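Coordinate analysis (summary)
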Amino acid sequence: ESPNHTPPVDETPTAPPLPHAVQRSLDQAGLNHRPILLSIDTDVALDGRPAREWLVVTPDHLSVIADPADAAVPRTVAWEGIDQVRTSAGLGGGTLQVREGGDWVDLIRYSNSMASRFHKVSRALEQAREATPASFAFVLCAQPSLHNTTHMSDVVVRAEAKKRRLDRKTTR
């Protein structure tokens, strides 16, 4: 390279890393080796007390981890057992729920100030659930409304960039 040449800068956005305590909790539960496709935090614990918790989405699980993580095992639901995803409104907030074996399970709670974020996440997760496994990451990353409300992993960001390149090729 010549001294006058500046190498190109990679402008691909990267997701902010999860807090160390959340990463440790994933490690302890044996869930950290999976690529994290999407993560979003909330300001209310499932029991209603003010607390920060994280929903972490991987290709095979949805997990909720407290921040700071306590010794408890995170709440985890396997994708293969999920029949449907929805939000349910409540007093002062709502709950992201999954239907598993015919029963609705509360996964994560959020305050009213975060309702819009979780409605978007719920729709994206439901669309991803209905997608084929090969297009799962593409479905999540095709949701532009999620990009400013969630932390998308490098896996999803790369999938999004690949999808844009494919779209450009097909429109030529």
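What you see is a predicted model; the values in this text were computed from it and never measured. (Residues numbered from 1 in each chain as written. Predicted model: local features only at pLDDT ≥ 70, side-chain atom pairs only at ≥ 80, totals over all residues. Heavy atoms only, no water.)

In this section: the overall build of the chain. Regarding its fold elements, the chain presents four helices and eight strands. In sequence order, the chain lays out its α and β elements as α-β-β-β-β-β-β-β-α-α-β-α. In the chain, once contacts between residues fewer than 6 apart in sequence are set aside, the share between residues at least 24 apart is 44%. Total accessible area on the chain stands at roughly 9,600 Å², and carbon and sulfur atoms take up 52% of it. (Helix = DSSP H or I, 4+ residues; strand = E, 2+ residues; numbered from the N terminus. Contact = heavy atoms within 4.5 Å. Areas by Shrake-Rupley, 256 points an atom, 1.4 Å probe, with all protein chains shown as cover.)

Strands sit in the order β5-β6-β7 across an open sheet of three strands; the sheet is antiparallel. Looking at the sheet topology across the chains shown, the edges are occupied by β5 (82-90) and β7 (103-111). Averaged over all neighbouring strand pairs, the angle between strand axes comes to 25°, with direction disregarded. The pairing of β5 with strand β6 (residues 93-100) spans eight bridges and is classified as antiparallel. (Pairing = 2+ DSSP bridges. Axes fitted to C-alpha atoms, helices over the stretch in contact; angles between N-to-C directions.)

This part takes up the pairing of strand β2 (residues 50-57). In terms of strand pairing, strand β1 (residues 38-44) meets β2 through six bridges, oriented antiparallel. Note that in β2 the partner of S39 across the bridge is V56. The antiparallel hairpin formed by β1 and β2 contains five residues in its connecting segment, where G48 sits at a positive phi of about 100°. Here β2 pairs with strand β3 (residues 61-67) via six bridges, running antiparallel. Looking at β3, one finds that E53 is bridged to A66.

Now for the nonpolar core. L55, V57, L62, I82, L107 and L125 are the most contacted members of the largest nonpolar core, which has 20 residues in total. Elements that contribute at least two residues to this core include exactly β1, β2, β3, β5, β6, β7 and α2 (115-130). It is α2 that contributes the most residues to this core, four residues altogether. Discounting residues that sit within four places of it in the chain, I82 has contacts with L62, V77, V98, R99 and R129. Counting eight residues, the second largest nonpolar core, distinct from the first, contains V22, L26, L31 and I36. (Core = buried A, V, L, I, M, F, W, Y, C linked by side-chain atoms within 4.5 Å. Buried < 20%, exposed > 50% of the residue type's maximum accessible area, 1.4 Å probe, protein only.)

Enumeration according to the criterion identifies six salt bridges in this entry. Of the charged contacts in the structure, one is a salt bridge between R129 and E126, with a shortest N-O distance of 2.6 Å. Taken together, the residues span about one helical turn, with R129 and E126 both in helix α2 at a distance of three residues. E126 gets classed as buried once you look at its relative accessible area, which sits at 14%. Ionic pairing is found between E130 and R129, a salt bridge with its closest N-O pair at 3.6 Å. Residue classification places R129 among the partly exposed positions, given a relative accessible area of 25%. Salt bridges sharing partners connect three or more residues here, namely D41, R52 and R117. (Salt bridge = Lys/Arg side-chain N within 4 Å of Asp/Glu carboxyl O.)

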